[in-house]
Structure formats: structure tokens, C-alpha cells
Amino acid sequence: MPDMDVLLAGLSDAFSLVNLLFVIAGVIVGQFVGAVPGIGPVMAMAIAIPFTFFMPTLPAIAFLVGVNKGGLFGGAIPAILMNTPGTPDAAATALDGHPLAKQGKPVKATKMALYSSITGDTFSDIVLITISAPLAVLALKMGPVEIFALMIFAFSVIAGLVGDSMVKGVIAAVFGLLCATVGIDPEHGTPRLYFGFFELFDGLPLAAVAIGMLAVSEILRRLASAGSTPRSAITSLDGDDPTVSRVSWAEYWSCRYVMARGAVIGTVLGAIPGIGSTAAAFMSYASAKQASDEPESFGKGNIKGIAAAESANSAVMGANLIPLLVIGIPGSIAAALLISAFKIHGIQPGPLLFEQQGRLIYGLFGAMILANATNLIVGQFSLRLWTRVISAPESVIFSSALLLCIVGVYMSTGGLFGVAVMLVFAVVGYVMNVFGFPVVVFIIAFFLGGSFETYLTQTMVILDGDLTRMIDYPIAVALVVLALISVWWLGFRKKG
Amino acid sequence: MKKLSTFVTALCVSFVLAFAAHAEWKPSGPIKLLIGFDAGGETDTLGRVVAKAMEDQTGWKIIVENKPGGGGIAMFTGLAVAKPDGQTLGMGVNMPILVNLVLRGKDLPFDLDSFDYLATIARAQLAIIAKSDAPFDDMAGLIEYSKGDDGALIAFDAKPQELLMNFVGGASGANFKLVPTKSSAEMIQDILGGHVAASFAAGAHIPYLESGDVKMIASANDGRHSYAPDTPTVKEQGFDIFVDPYFFIAAPAGLSDDTKAALSAALNEAINSDEVKAVIMNTLKTEPSDLGPQGTTDMMTGGVSNVAKLFGK
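Residues numbered from 1 in each chain as written. Chains lettered and ligands numbered in written order. Predicted model: local features only at pLDDT ≥ 70, side-chain atom pairs only at ≥ 80, totals over all residues. Heavy atoms only, no water.

Considering the overall build of chain B
A count of helical and extended segments in chain B gives 11 helices and 10 strands. By its C-alpha atoms, chain B is 70 × 50 × 30 Å across when sized along the principal axes. Across the 313 residues of chain B, 59% fall into the buried class. If you take every contact in chain B between residues at least 6 apart in sequence, the share linking residues at least 24 apart comes to 76%. For chain B, the exposed area adds up to about 12000 Å²; of that, 54% sits on carbon and sulfur atoms. The average position of the 25 basic charges and that of the 37 acidic charges among the side chains of chain B differ by 4 Å. (Helix = DSSP H or I, 4+ residues; strand = E, 2+ residues; numbered from the N terminus. Buried < 20%, exposed > 50% of the residue type's maximum accessible area, 1.4 Å probe, protein only. Contact = heavy atoms within 4.5 Å. Areas by Shrake-Rupley, 256 points an atom, 1.4 Å probe, with all protein chains shown as cover. Lys, Arg positive; Asp, Glu negative; His and termini not counted. Charge placed at Lys NZ, Arg CZ, Asp CG, Glu CD.)

Here it is, written out as C-alpha cells:
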């Protein structure tokens, strides 16, 4: 049990006025950069970190946490309103969020995203605050072999999203994996498919590919189909009519199982470093669809789809802090950035953190709760603001969005090379869309392909190149069996 | 008031620097400092803090830009063709550059002579570690252990580390199985979870040394570590090999002597400032070490032959 004095001191630090202002500032910045296509919370955090060295520790960390949490919800806004997600985990939100917005209920769709995002986030924060130590020990037991098996399981669940045509889905997945192999291979250090561009040694820049495929290709599609008469980017039927725009308690409550499952999936995948929020969002979405009585309503504006994706991808963040705080291991880029912020303040996350910096950690927990509340309140205003903004003529909206995508990718990838990659993949995404290849499948394969290869390589070294030796790893065996059951069940459901 | 006094101090400092130590040169516009890595990493943080200290001390305007790609190769490719007027500088880590120069020097659009080297900021301290209950305490013990049934799994996150272990393995007949990972955090996870026998670590392991969860087998540098003066280097343990990662700053070749002197003096002062010292201590657990222009050049030239040895060339 923690020392009560330390706990209270930490909490009172968190609830000080200065800290509160930094949290609010962070959430506002986070929601804004999250909502602007092309820029994301990760980039905002990366830029802010060197400056936090000149700030006191708790407000610095609280600000970054605020940016991150704000960004988790902010990212859903363009995904829902314009179908232009800036990150792959928001692409899962767009699957149902955008159809609902097109039905004239953009406020309702974003509200559902806000509520489920905060539900998932709060759940994983509570897990973090109460039982992080035993969970971190569990995460340590997950070695390369187990994580490899876990990824196979995740893939088997996500495979349910492959779409109507199995052949096209498989082609899109293989193409995604091919793109993931660009760069220096993890085992021998040989550069692959780099065509003389040293920029490609580290692989295709993730942000450029995601924004190109998901956001810019959609912008191209919309601009190509735009007529000569100006129309607004989205028609909001609800206006100020509360019966259309609100999410009733009954609707929220009907999503309870979906959100609970999303929160658990997000928390588990977040606590295990190396897999991340993209897999969590899609796994939650796919399992919500499969468990549903009416799976055909998914992808057509089902609020459960929004709830599944948002609760899972937001739950990842809180849970990412479990391995970070307890054993000093970041589970995502955002978590790695938080570690650098800790480090420049002379704080090394790890086994002694709670003993040496208890007050700071309880302050951080307080700041996280505060940030969730702030997110909920600020979100109410910002979603209205954005739905207003988006009702401007679509020629204005989409051309400014394109400009922002270019600027964002230029900044985050360090130059025009990233912009070129983005434009190439925008065209690729456009063409894939026209011919009915599922872009989402490509994105999942591309984003998870890199770490899948690393874990496969590690597993092969550890097992001496003999996969049958996996029998010595019971957790891995159990996960592979689960994967097989899930594939069998998928096929069974499809036929039945 | 405080602002005014800072301003006056900055003005005085820049006058002193301009007229005394720094000969005549001063930049005619903002200086661009290109970082060969993504924002938010160690190189980025160090570079930005050095730039800020330099700005405060000299009054020059310094703009930091990230140019990630290939461990710095993309940035140095651009730097090599920039104008050598002292207003474009680049910061990187020596190891990936040296490895690429050795492995595919002919394909690279630059070589060692494409740059004027100005300063090093610090040397990363690279250790070989194991869980504290491992049945060995030094390199000899690890080699002995690896000759058991299953060999010894060793995690690494950069090519030179793998080569160093291969060198040791080749010389001793050890059965090392090298597991490639992506970060030092992942290596610590593998050590603590008991998934590998030993791994490399560049500072992330220090809290675990203090808590007693891990032990240090050797320093992989060409010298012992400040926080573990009793642990001998791999070299001291009988294998003539080491890895010395340095953070360094260079400019395109062809700087005038005045420019070079002014820049390296300004960098030296910034690197040894209290802020930079604190950040280096916090992130790398070591002191700043500026080798100066000549020392940095020697470090790079010597590095090529050392890395060539790692590759057995």
C-alpha cells in the first residue's frame, strides 16, 4: 500500500492551478493537432519535449499527457467528419463514424467517439493506477516467442475485416507486407528495396504512407468528384435539434459490452510492449462485428463500430504506461517520447521509480484523471466547432486539408522526400479504392509487418530455426491454438 | 528587468566572443543545425539543448531541423553539398556513418573528407549486461556458459554490437546466438523477463544495477564506465575490440579557419554549459566530452579502421 502522505502530496501537486492550466493547454493542443489532418499528437509531443526541459517536472509531464489524451480523441474528428484519418488507429473509427456522419449525424458520431474514447481511457487508467505492478510482471513473461504468437492471434481476428473478396484482401495484405520490408533488414543489416534512396534505409516513413493512403487519397477522391456548384463538405441534418445530435443513455448503455471488450483488448495490448493501438482498434472492431447479431450493419454507421474502435485505441495509452512506469519499457512511440521527457528531467523509469519518485507518479496519475475530465469538457466544445468548420464548401475544406497534410508530413518526416512518398501512396490508395482493393487491409499489414518480421526473426534465432520447439513455450502454444479456433469460427460464421 | 539583464549579458558575451576568442567570424544569418534522427530521440534532445545554450551564449540565431533516415546517412548526404559558410551544421552519431562507410563506401555520396569536424558532444557508454542470477560474471564466464547445450542468446540493437560479439565468438569458440532487437528498452525487457542470457545496454540498465536486478559483465567501450569503475572492458578481458559511439557535429568541408575556430569555440562553450551537462548526465549518465576539431577528425578516421576490424576487413 502506498504511503498516504506521498499519495496525497502527489495528488495535491496534480490539482494545483499551474498544473491544471498545463493539462488544459495540453488537451486543447492535443485535440487541435489530432483533428488537423497530417499533424498528430506524436509530432506535437516530439516538438514539445526539448522545451519541457525548461519547465518544472510535473507540469511538463502533465502537459505531454494532456497532448496525448487530447490527440486520441482529436484524431477521430477528421476520420469521422471527412473520412480522412491521419493515423491507422483512427481508420478503424472512420469505418462506421464517417457513414454515420454522412447520414447527417456528425455531432452524434463524434460524441459517441468522445464518450467511448474517454470510457476506454479511464478504464485503462484505473487499471494502471490500481494493478500495474502485477500486470507489468505478466508483460515481462511475454518474450519474443510469445509476442510473435500473440501477433498471429491478433491477425487471425483482424482477418475478419478482409472484406467481400478474399482474393483482393489477400493481395492488399501481401502488398502491405511487401512495403513493410523496405529498408534495412533486422537480421543481417542488408538494405532492401531502397532504390538508391538512403532515406528509405529506415523503411517507408510511416506517417507519410498512412496520411497518403488514408487522408490524401480520400481528398483526391472528393476533389475529383466535386461538381461546379459549391456544396458543403458534410451536411448536418441535426442543426440544433437535440434529438438527432445527442447520444442517449440507452444508446451508450447498449454499447457497454462492446466498449468493455474494447477497453480490455486495448489495455492488454497496451500493457504488452510492441503491438500497439492499430492492432487494438482493429481487433476490437473485428470482434465487435463478429459478436454482433447484425454484422451487416457494421460499416454503415453503427455506433457500436465507433465505440469498439475508440474505446480500444484510447485504452492503449493508459496501459502503455504500465510497462513504462514499472519496468521502464515504452509500448509505443508516444510512450517512448514520455520516457525521453522523464529522462531529460533526470528521472529514469524503472524498478525504483515508485520508491524514489512516488510523489511525482501520484501527481502524474492525478494529472491523467484531470486530463480525462478536461478532454470530456473541451471535447464537447471542439466537436461542435469542427462540425461547423466542416460545413464550409468542400472545395475550401479539402484543399486546406491537403495543404495541412503536406505541411504535416514535411515536418514529421523532415523534408520533401516524405511528401513525395505521401503523394505516391495517395495515388496508390486512390487506385486501390477504384478497383475495390481494401486499403484498410493494406494499412494493417504495412503497420504491423515490420514488428511481425522482427519478432519472427527473434523467434527463429531463439528456437534455432525449428518452429516445433515452440512446444516449450506454453503461452505461445495457447495463443496459436486460439488463433486457429478464431479462424475456424470465422469460417463457420461466414457459412452459417 | 530580468529580460533586460539577460539581453545585456548576451550582448556582452557576444561582443567578447566576437572580438576576443572568436576572431572576426560571425554568422550573417541564422545557423541551421540539421539532426540526423527523428524528433524526440536522444540525438534530437542533445542537439536542441546544445543549440539553445549556444544561442544564449553567442546571441546567434540557431534553427534546429530534423532530417531522419538511415541513421544519419540522409542528413549527411545533404550536408555534404551544402555551402561551407558555417551556417549549415549537422549532428549525428559516428557508428552508423562509420559502418556504412566501411560496408558500402563506394555507394555513398560522401566520404570522411566531405566534412569539417567541429566537436563531439558526448560518448555513449555501452555495456554488456545479464540478469543478476545468471551463472556467470564476466566475459570468460559468459563464453563458458555459451558452450553448454543451447548456446547463449545475446540481444543487440545495432550492427557494431553484433560484430563485436561475433569477433569475441570467433576468437574464443563461444556459441553466441545473436537476437536482433529494435531498442535498448526491448533488450532490457528480454533480460528482465529471462528471454536472453545477456544483452547490450547504453544507460537504460543503470537503475537496474542500482536495484540489483541486473549485473554488468563488461564495458564495450575503449574505457571503463564512470558509474561502474570496477567492471573491466571487453578489451581488458582479452579481446582487442571495442565500440565507441560518439555524438558529433560537422560542417561541409571547406570552412575558413576563422569560421571553424569561431564555431568550435562556441560549440565547446555550449557543450560545457550547465544545462547541456545536466541533460547529458540525465540521458547518457556521463560527462560531456568535446574532443575539439582535431580530436573529432582523429576519432572519425580511427573509427573507420576500428569498424573495419569489426567487420574482419
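Having seen the model, we can carry on.
Looking at the sheet that holds strand β10 (residues 246–252) of chain B
Residue and element names in this part refer to chain B. Read from one edge of the open sheet, 5 strands run β2-β1-β3-β10-β4, paired in mixed fashion. Of all strands in the sheet, those with a lone pairing partner are β2 (62–66) and β4 (115–123), marking the two edges. For this sheet the average axis-to-axis angle between neighbouring strands, irrespective of direction, equals 25°. Pairing of strand β3 (residues 88–93) with β10, which is carried by 4 bridges, proceeds in the antiparallel orientation. Looking at β10, one finds that Met91 is bridged to Ile249. Seen against the sheet, helix α2 (residues 42–58) touches β1 (31–35), β2, β3, β4 and β10 and runs at an angle of roughly 170° to β2. Strands β1, β3, β4 and β10 of the sheet are contacted by helix α3 (residues 73–80), whose axis makes an angle of about 150° with β3. (Pairing = 2+ DSSP bridges. Axes fitted to C-alpha atoms, helices over the stretch in contact; angles between N-to-C directions.)

Observations concerning the interface of chain B and chain A
Each partner contributes to the interface: chain B provides 52 residues, whereas chain A provides 53 residues. Counting each side, the surface lost to burial between chain B and chain A is near 3900 Å², with a carbon and sulfur contribution of 62%. Considering only the side of chain B, the residues that lose the most area to chain A are Pro180(B), Gln189(B) and His195(B), jointly responsible for 15% of the buried surface there. On inspection of chain B and its partner chain A, the count reaches 2 salt bridges. Our enumeration of links across chain B and chain A arrives at 9 residue pairs in polar contact (both at pLDDT 80 or more). Elements with a contribution of two residues or more to the side of chain B that touches chain A: α2, α3, α4 (94–104), α6 (159–172), β7 (176–180), α7 (184–192), α8 (206–211) and α10 (274–284) of chain B. For the side of chain B that touches chain A, the residue count by class is 17 nonpolar, 16 polar and 19 charged. (Buried area = accessible area lost by both parts, 1.4 Å probe. Salt bridge = Lys/Arg side-chain N within 4 Å of Asp/Glu carboxyl O. Polar contact = N/O pair within 3.5 Å; in protein donor to acceptor, adjacent residues only side chain to side chain. Nonpolar A, V, L, I, M, F, W, Y, C, P; charged D, E, K, R; others polar.)

Some words on helix α10 (residues 206–225) of chain A
Because each turn of an α-helix spans 3.6 residues, side chains separated by three or four positions end up pointing in the same direction. End to end, α10(A) covers 28 Å across 20 residues, agreeing with the expected 28 Å (1.5 Å per residue, within 8%). By the largest-angle criterion, Gly212(A) marks the main kink of α10(A), which is about 40°. (Expected span 1.5 Å × (residues − 1). Bend = angle between axes of the 7 residues up to and from the residue.)

Considerations on unusual backbone geometry
Residues and elements named next belong to chain A. Located in the positive-phi region is Leu193, a residue other than glycine, with phi close to 45°. Relative to the elements of secondary structure, Leu193 occurs in the loop between β2 (191–192) and α10. Although it is not a glycine, Asp464 sits at a positive phi angle of roughly 60°. Within the secondary structure layout, Asp464 lies in the loop between α21 (439–462) and α22 (474–495).

Some remarks on the pairing of β3(B)
Residues and elements named next belong to chain B. In terms of burial, β3 is a largely internal element, 6 of the 6 residues being buried. Going residue by residue along β3, you find Thr88, Gly90 and Gly92 tucked away on one face and Leu89, Met91 and Val93 tucked away on the opposite face as well. Judged from the 4 bridges that link them, β1 and β3 form a sheet pairing that is parallel. In the sheet register, Leu33 faces β3, and the bridge partner there is Leu89.

As for α10(B)
For α10(B), every residue scored as buried is listed here: Val276(B), Val279(B), Ile280(B), Asn282(B), Thr283(B) and Leu284(B). The arc that holds the buried residues of α10(B), viewed along the axis, is 170°, so those residues lie on one side. Turning to α10(B), the residues buried within the fold contact α16 (333–344) of chain A together with α2, β4, β10 and α9 (257–271) of chain B. Directly after α10(B), the chain includes Lys285(B), whose backbone phi takes a positive value near 55°. (Arc of directions from axis to C-beta.)

Quick notes on the sheet that holds strand β6 (residues 152–156) of chain B
In a beta sheet, neighbouring strands pair by backbone hydrogen bonds and run either parallel or antiparallel. Residues and elements named next belong to chain B. Spatial strand order, β7-β6-β8-β5-β9: 5 strands in an open sheet with mixed pairing. Either end of the sheet is taken by a strand with one partner, and the two such strands are β7 and β9 (214–219). Recorded for the sheet is a direction-independent mean angle of 30° between the axes of neighbouring strands. By the bridge criterion, 2 bridges tie β6 to strand β8 (residues 198–201) in an arrangement that is parallel. The residue of β8 that forms the bridge with Ile154 is Ala198. Contacts from α7 reach β5 (127–131), β6, β8 and β9, with the element oriented near 30° to β5.

Section: the domain arrangement of chain B
Residue and element names in this part refer to chain B. Structurally, chain B comprises domain 1 (2–124 + 245–310) and domain 2 (127–219). Between the C-alpha centres of domain 1 and domain 2 the distance comes to 32 Å. Each partner contributes residues to the interface: domain 1 has 5 residues there, and domain 2 has 5 residues. Contact with domain 2 buries area across many residues of domain 1, yet Val99, Lys285 and Leu310 alone supply 66% of it, more than any other trio. (Domains from an automatic or database assignment.)

With respect to the confidence of the model for chain B
All names here are of chain B. Per-chain confidence: chain B averages 89 in pLDDT, with 93% of residues scoring 70 or above. Confidence, expressed as mean pLDDT per element, reaches its minimum in chain B at helix α1 (residues 2–19) with 53 and its maximum at β10 with 97. Low confidence marks residues 18–22, where pLDDT is under 50. Its contacts with residues over four positions away, or in another chain, come to 8 contacts. Among the scores for the predicted complex, ipTM is 0.84 and pTM is 0.86. (pLDDT = per-residue confidence, 0-100.)

So, the layout of surface pockets
All names here are of chain A. Looking at the second largest pocket, its volume works out to about 1300 Å³. In terms of lining, the second largest pocket is formed by 36 residues, of which the most central are Leu95, Leu161, Gly163, Gly299 and Pro438. Elements that contribute at least two residues to the lining of the second largest pocket include exactly α6 (88–102), α10, α14 (277–291), α21 and α22. If you tally residues by element for the lining of the second largest pocket, the top one is α6, at 6 residues. Broken down by class, the residue content of the lining of the second largest pocket amounts to 17 nonpolar, 10 polar and 9 charged. (1 Å grid on protein atoms, 1.4 Å probe; cavity = no way out; pocket = protein on both sides within 12 Å on 5 of 7 lines; lining within 4 Å. Points joined across faces, edges and corners; volume = space filled by probe spheres on them.)

Re the environment of Leu267(B)
All names here are of chain B. Its place among the elements puts Leu267 in helix α9. For Leu267, a relative accessible area of 1% translates into the label buried. Distance in space between the C-alpha atoms of Leu267 and Ile121 is 8.8 Å, their sequence separation being 146 residues. Sequence-distant contacts of Leu267, that is, excluding residues within four places in its chain, are made with Val50, Met54, Leu118, Ala119 and Ile249.

Observations regarding the packing of aromatic side chains
Applying the stated rule across the entire model yields 24 aromatic pairs over all chains. When the ring of Phe76(B) is compared with that of Phe248(B), the centres are 5.5 Å apart and the planes differ by 10°; the resulting orientation is stacked. Taken together, the residues span a long stretch of sequence, with Phe76(B) in helix α3 and Phe248(B) in strand β10 at a distance of 172 residues. In this pair, the class of Phe76(B) matches that of Phe248(B), namely buried. These aromatic residues form a ring-pair network of at least three members: Phe175(A), Phe425(A), Phe442(A), Phe446(A) and Phe447(A). It is Lys168(A) that lies over the ring of Phe437(A); its NZ or CZ is 5.6 Å from the centre. (Phe/Tyr/Trp six-rings, centres within 6.5 Å; stacked < 30°, edge-to-face > 60°. Lys NZ or Arg CZ within 6 Å of the ring centre and 35° of its normal.)

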